[in-house]
Amino acid sequence: MTDAELINKLKHLEETSDHAERHSLALELADNSDRRIFDVLVRLIQRPNLENRCGTLIYCLEAHDCSSITALLEDIAETGNFEAGMQAESILDNQGLR
């Protein structure tokens, strides 16, 4: 994927209101460790309107070093819905963040 294609996908990921499309794009980018993907995913996860629709987005963070968002992941693990909480727990455990 070219840099221009990545930028377009990230822009669409951040702007779409279609949850299925957002999750599909996030999964498509999940194995790419580009820091820009991490930044967009974190912004999306923190959006209040996506609070109960971010489990897939959290799952997509697994390819990234999440040490900078340990507190966010701990909060989601404690207060998020089941899917989001389990994904956050998985990252915290797998990356040795606690």
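Quick note: structure is the one above.
Residues numbered from 1 in each chain as written. Predicted model: local features only at pLDDT ≥ 70, side-chain atom pairs only at ≥ 80, totals over all residues. Heavy atoms only, no water.

**Considering the overall build of the protein**
Then comes step 1: Helices and strands together make up the secondary structure of the protein, namely six helices and zero strands.
Then comes step 2: In the protein, the order of α-helices and β-strands from amino to carboxyl end is α-α-α-α-α-α.
Then comes step 3: A compact globule built from 98 residues would reach a C-alpha radius of gyration of about 13 Å, and the protein, at 13 Å, matches this within 12%.
Then comes step 4: Dimensions of the protein, computed from the C-alpha atoms along their principal axes, are close to 35 × 25 × 15 Å.
Then comes step 5: Taking all 98 residues of the protein together, the buried fraction comes to 41%.
Then comes step 6: Considering only intrachain contacts with a sequence separation of at least 6, the fraction spanning at least 24 residues in the protein is 61%.
Then comes step 7: Here the protein displays about 5500 Å² of accessible surface, and carbon together with sulfur accounts for 46% of that area.
Then comes step 8: Distance between charge centroids for the protein: 6 Å, based on 9 positive and 19 negative side chains. (Helix = DSSP H or I, 4+ residues; strand = E, 2+ residues; numbered from the N terminus. Rg over C-alpha atoms; globule rule 2.2 N^0.38 Å. Buried < 20%, exposed > 50% of the residue type's maximum accessible area, 1.4 Å probe, protein only. Contact = heavy atoms within 4.5 Å. Areas by Shrake-Rupley, 256 points an atom, 1.4 Å probe, with all protein chains shown as cover. Lys, Arg positive; Asp, Glu negative; His and termini not counted. Charge placed at Lys NZ, Arg CZ, Asp CG, Glu CD.)

**Focus on the layout of surface pockets**
Then comes step 1: Considered as a void within the structure, the largest pocket measures approximately 200 Å³ in volume.
Then comes step 2: Taken together, Ile 45, Gln 46, Glu 51, Asn 52, Cys 54, Leu 72, Asp 75, Ile 76, Thr 79, Gly 80, Asn 81 and Ala 84 form the lining of the largest pocket.
Then comes step 3: With four residues, the single largest contributor to the lining of the largest pocket is helix α5 (residues 70–79).
Then comes step 4: Its residues assigned to classes, the lining of the largest pocket comprises five nonpolar, five polar and two charged. (1 Å grid on protein atoms, 1.4 Å probe; cavity = no way out; pocket = protein on both sides within 12 Å on 5 of 7 lines; lining within 4 Å. Points joined across faces, edges and corners; volume = space filled by probe spheres on them. Nonpolar A, V, L, I, M, F, W, Y, C, P; charged D, E, K, R; others polar.)

**Remarks on the environment of Glu 78**
Then comes step 1: Structurally, the position occupied by Glu 78 is in helix α5.
Then comes step 2: A sequence separation of 11 residues divides Glu 78 from Glu 89, and the C-alpha atoms of the two residues are 9.0 Å apart.

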